[in-house]
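In case you want the letters, here they are:
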Amino acid sequence: MDSIIVTGNGPLSGQIPIAGAKNACLTLMPATLLSEEPLTLTNAPRLSDIKTMTELLQSLGTEVTSMSDGQVLAMSSHDMNNHIADYDIVRKMRASNLVLGPMLARLGHAVVSLPGGCAIGARPMDLHIDALTALGAEIELKDGYLHAQAPGGLKGAVHEMRFASVGATENVLMAATLAKGTTVLKNAAREPEIVDLADCLRAMGAQIEGDGTSTITIQGVDRLHGATHQVVTDRIELGTYMLAPAICGGEVECLGGRIELVGAFCEKLDEAGISVEETANGLKVSCKNGRAKAVNVTTEPFPGFPTDLQAQMMALMCTAEGNCVLEEKIFENRFMHAPELMRMGAQIEVHGGTASVTGVEKLKGAQVMATDLRASISLILAGLAAEGETIVNRVYHLDRGYERVVAKLSNLGAKIERVSGS
Ligand code: EPZ
């Protein structure tokens, strides 16, 4: 397993390109199952999760051709020859469950393994099941697999979700495009990735309104045609790299960044004394007076503060001036980066879903272990500003969601290298 060694090396400066969104691409790819015609995605990120989704779609009979060094994915699901999403693939990546809705809509049946839990939580699928059942699907759990069928096809319905689940919204949005009649999904997730999916589905001929709000209306159509769609910028990678100059000092321009993708996050940066300026090419970030101020953070569904930026924000708060509380309200176990940051001298107290942080002047480099995707990059950010050398182990987590981390950060003046492990 590879490790990344990062040594505190003072302020950062320069430009950093932001890739296409992992969490948009992972729902755009299954959309190919809805049509017999080709779907091509551009600006796709080069990540191991995208490779996993490619493997899953190919196991269902989709042809996937990766071009332009992985940034273009040409897919064709004309000849689907399997409707079973196998446990061995699904357990590696929860987003595999996003083939359920499209397969049900296209084939009338689907067998999808339950993903099982992961480091950050139990990750159940009850909201997906309730919503698809409302559209007429019959779904039964057997041997760890969801056996779903829609005899006579899915039918439009009005359905209100108990919680604004991103994945459940995406599964229903895709399924409803081919359902008979109109679907109204209430308490829908509002993330930019939902809007990006709706844009792609509209390009394929779907009739969708209200995406980006809590109520999405879909008028079912008989079939969808092919399309080419550009994946939206990754707001989580954007927020992550905006924190690099905030933690280390200096000034960094995040190319492709847009304020509307990170609204609530930028409000918190402003409160912490970090300046964010919109430029013609993206967002320029600098730390006005050397050390950030402590600010309280509560994670919420979009447009609130994103849970996927909580670990990274905690790294900044560990060296901020003052005390703060970070409240994680989306996942039940998303503070595993805290004990690793404490090995670097951070002062954190975790009680259930809240972490109280007392900022220290300087963290000290240490051996630490990545436990999940966002925790791993949080440790790298902390290492960038720490005194001495930090060795982050198990960086395979990082490869799931961040492409070319060493190259991108080295380009800003960071002292960082990847060493291959046993
Ligand atoms: C998506 O996961 C993202 N993944 C996650 O990003 C992100 O953290 C999450 O949305 C919240 O924004 C992808 O888009 C591939 P949810 P998803 O359904 O769809 C509970 C990352 O780091 N829930 O909105 O799985 C669930 O347990 C990843 O890139 C149910 O109870 O998130 C969680 O507590 C991590 N029943 C909460 O809702 C369900 O049926 C949010 O889950 C579904 C979810």
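1. Some remarks on unusual backbone geometry
Then step 1. A cis amide bond, omega 10°, links Phe302 with the succeeding residue Pro303.
Then step 2. A positive phi angle, close to 60°, is found at Asn43, a residue other than glycine.
Then step 3. Relative to the helices and strands, Asn43 is located in the loop between strand S3 (39–42) and helix H2 (48–59).
Then step 4. Residue classification places Asn43 among the partly exposed positions, given a relative accessible area of 23%.
Then step 5. In the Ramachandran plot, Asn187 falls in the positive-phi region, its phi being about 55° despite a non-glycine side chain.
Then step 6. Assignment of secondary structure puts Asn187 in the loop between strand S11 (182–186) and helix H7 (192–203).
Then step 7. Judged by relative accessible area, Asn187 falls into the partly exposed class, the value being 27%.

2. Regarding the site of the ligand
Then step 1. As a structural note, the neighbourhood of the ligand is formed by 23 residues, with Arg94, Asp126, Ser165, Asp308 and Ile330 the closest of them.
Then step 2. Lys22 is positioned with one of its side-chain polar atoms (N or O) 2.9 Å from an oxygen atom of the ligand.
Then step 3. Contact between the ligand and Pro124: an oxygen atom at 3.3 Å from a main-chain N or O atom of the residue.
Then step 4. In isolation the ligand offers 830 Å² of accessible surface; the protein chains occlude 88% of this area.
Then step 5. Listing elements by their share of the shell around the ligand, those giving two or more residues are helix H1 (22–28), helix H5 (126–134), helix H6 (166–176) and helix H12 (373–385).
Then step 6. Top element by residues in the shell around the ligand is H5. It accounts for three residues.
Then step 7. Partitioning the shell around the ligand into residue classes produces 10 nonpolar, five polar and eight charged.

3. Examining the packing of helix H8 (residues 235–248) against helix H9 (residues 263–271)
Then step 1. Closest axis-to-axis distance for the H8/H9 pair is 11 Å, and the angle between their directions is 10°. With respect to each other, H8 and H9 are oriented roughly parallel. Here the hand of the crossing between H8 and H9 comes out right-handed. Along the contact surface, H8 presents Gly239, Met242 and Leu243, while H9 presents Phe265, Cys266 and Leu269.
Then step 2. Each residue belonging to the contact of H8 with H9 can be placed in one class, and the counts come to five nonpolar, one polar and no charged.

4. Description of the state of the cysteines
Then step 1. Scanning all chains against the criterion turns up zero disulfides.
Then step 2. With no disulfide partner, Cys248 has as its closest neighbouring cysteine sulfur the one in Cys287, 10 Å distant.
Then step 3. Since its relative accessible area comes to 11%, Cys287 is described here as buried.

5. Let's talk about H9
Then step 1. Taken residue by residue, H9 has Ala264, Phe265, Cys266, Lys268 and Leu269 as its buried positions.
Then step 2. Summarising the contacts, the buried residues of H9 are in contact with H8, strand S16 (274–278), strand S18 (297–298) and helix H10 (310–317).
Then step 3. Two residues or fewer after H9 comes Gly273, characterised by a positive phi angle close to 85°.

6. A look at H6
Then step 1. With 10 of 11 residues buried, H6 lies mostly within the body of the structure.
Then step 2. Among all positions in H6, only Gly167, Ala168, Thr169, Glu170, Asn171, Val172, Leu173, Met174, Ala175 and Ala176 are buried.
Then step 3. With a side-chain oxygen lying 2.9 Å from the backbone nitrogen of Ala168, the N-terminal cap of H6 falls on Ser165.

7. Quick notes on the side chain of Thr371
Then step 1. Structurally, the position occupied by Thr371 is in the loop between strand S22 (367–369) and H12.
Then step 2. At 3.2 Å, the side chain of Thr371 and the side chain of Asp372 are in polar contact.
Then step 3. Residues within four places of Thr371 in sequence aside, it is in contact with Ala119, Met336, His337 and His397.

About the criteria used
Residues numbered from 1 in each chain as written. Predicted model: local features only at pLDDT ≥ 70, side-chain atom pairs only at ≥ 80, totals over all residues. Heavy atoms only, no water. Helix = DSSP H or I, 4+ residues; strand = E, 2+ residues; numbered from the N terminus. Buried < 20%, exposed > 50% of the residue type's maximum accessible area, 1.4 Å probe, protein only. Near = heavy atom within 4 Å. Polar contact = N/O pair within 3.5 Å; in protein donor to acceptor, adjacent residues only side chain to side chain. Areas by Shrake-Rupley, 256 points an atom, 1.4 Å probe, with all protein chains shown as cover. Nonpolar A, V, L, I, M, F, W, Y, C, P; charged D, E, K, R; others polar. Axes fitted to C-alpha atoms, helices over the stretch in contact; angles between N-to-C directions. Parallel < 35°, antiparallel > 145°, perpendicular 65-115°, else oblique. Left-handed = near helix turned anticlockwise from the far one by under 90°. Contact = heavy atoms within 4.5 Å. Disulfide = S-S within 2.5 Å.

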